[in-house]
Amino acid sequence: MLEVTILTKKYETADIVSFELGKADGSALPAFEAGSHIDVKVNENLLRQYSLCNSPKRHQTYKIAVLKDANSRGGSLTVHKTFEIGDSIQISPPRNLFPLNKDSQRTLLFAGGIGITPLLSMAQVLNELGKEFELHYFARSKTSTAFYEELNSLPFASKIFFHFDDENDKKDSAIRHALDQENPLNKTAHLYTCGPNGFMDYIFTTARSLGWKNDNLHKEVFNAESIVLDDSDKSFTLNLVRSGISLEIPADKTVLEVLEDADIEIDASCEQGVCGTCLTKVVKGVPDHRDQFLTECEKSLNNQFTPCCSRALTDSLSIDL
Ligand code: FES
């Protein structure tokens, strides 16, 4: 982890606060690529992921924005209430699970609400590279739109299109127009979206219906909804092969929770099956994969799984721990 100081704290809207983070001695932070996120240590037991929204060119500091989430499991509320200018906090070096194809002739960016953060960094890179792009930003209203003034004053403001729910905006036709495959540049364009899952699914479904190929569609998934438990979950036995320990995983607990209860340490970060930090080798048994980190092909091999959210389809699962 890196120790950084909170240099600024600014309310972008009533529910979104941005922070600029930097080294106390003013030295540069590690370089990063557009689309990267950092883990922020919110308290002793809580890590949360936030996208970097500044230009990678200016990595003297990192900028993040945090939405106060009504369904917060503690992360965003704590950040809003307790993080203050001058505080030292711990963050991970940036990691990129949402890389930008900088060779694409044309790029379309679709942000839903706080999903603007990684796309804002991408837009700055595309502008610096002189690339053809559009940033479409969907929000409930102007007052709930983070960075509204800042975006309007950027040199590429003409490439930013706002769509507000309360202004009777014809969103659907705007999306279809931007994605139209009659535009020859769209044949090879890449699309990036970040926001609520329903929003991203809608963008993807529309793009596919207009002929876009899956290879050109990219979405940020680390803010995934909790996929941890459902009513039909069953208990199973977890065998830790190297330690020679067997644990019962009850229906209402994740493997990670049971391991933590038993004081067995395992690295974890998102706890939502997105980051891959907890990935563990499976020796025997068939996992019930519930993550969004492994590809379908990797899942079908059944030789690794994510204990933070995945379970077992067999009565027991033996893992390399
Ligand atoms: Fe992120 Fe398990 S902790 S995938």
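The structure under discussion appears in the preceding block.
Note that this is a predicted model, so its numbers are computed, not measured. (Residues numbered from 1 in each chain as written. Predicted model: local features only at pLDDT ≥ 70, side-chain atom pairs only at ≥ 80, totals over all residues. Heavy atoms only, no water.)

Q: Pulling in residues and values, what's your account of the packing of aromatic side chains?
A: Evaluation of the coordinates by the stated rule reveals 10 aromatic pairs. Three or more aromatic residues link up through ring pairs in this structure, and these residues are Tyr137, Tyr148, Phe162 and Phe164. (Phe/Tyr/Trp six-rings, centres within 6.5 Å; stacked < 30°, edge-to-face > 60°.)

Q: Run through helix H4 (residues 171-179), naming residues and quoting values.
A: The set of residues buried in H4 consists of Ile175, Ala178 and Leu179. Mapping the buried residues of H4 onto a view down its axis gives an arc of 90 degrees, with all of them on the same face. Looking at the buried side of H4, the elements it contacts are strand E8 (106-112), strand E9 (132-139), strand E11 (190-194) and helix H5 (197-209). (Buried < 20%, exposed > 50% of the residue type's maximum accessible area, 1.4 Å probe, protein only. Helix = DSSP H or I, 4+ residues; strand = E, 2+ residues; numbered from the N terminus. Arc of directions from axis to C-beta. Contact = heavy atoms within 4.5 Å.)

Q: Outline the side chain of lysine 9, supporting the account with residue identities and numerical values.
A: As for its placement among the helices and strands, lysine 9 is situated in strand E1 (residues 2-11). Assessed through its relative accessible area of 18%, lysine 9 is described here as buried. Side-chain polar atoms of lysine 9 contact the backbone oxygen of histidine 80, separated by 2.9 Å. A distance of 3.3 Å separates the side chain of lysine 9 from the side chain of glutamate 84, its partner in a polar contact. (Polar contact = N/O pair within 3.5 Å; in protein donor to acceptor, adjacent residues only side chain to side chain.)

Q: Hey, could you go over the pairing of strand E6 (residues 88-91) for me, with residue numbers and the actual values?
A: Regular strands place side chains that alternate from one sheet face to the opposite one. Going residue by residue along E6, you find Ile89 and Ile91 tucked away on one face and Ser88 and Gln90 left uncovered on the opposite face. Direction of pairing for E1 relative to E6: antiparallel, over a ladder of 4 bridges. Paired with leucine 2 across the strands is isoleucine 91, a residue of E6. (Pairing = 2+ DSSP bridges.)

Q: Account for helix H2 (residues 116-128), with residues named and values stated.
A: When the terminal C-alpha atoms of H2 are compared, their 18 Å separation across 13 residues agrees well with the 18 Å that a helix rising 1.5 Å per residue should span. The buried count for H2 comes to 11 of 13 residues, which makes it a mostly enclosed element. Within the span of H2, buried status applies to Ile116, Thr117, Pro118, Leu119, Leu120, Ser121, Met122, Ala123, Gln124, Val125 and Leu126. The first or second residue beyond H2 is glycine 130, which carries a positive phi of 70 degrees. (Expected span 1.5 Å × (residues − 1).)

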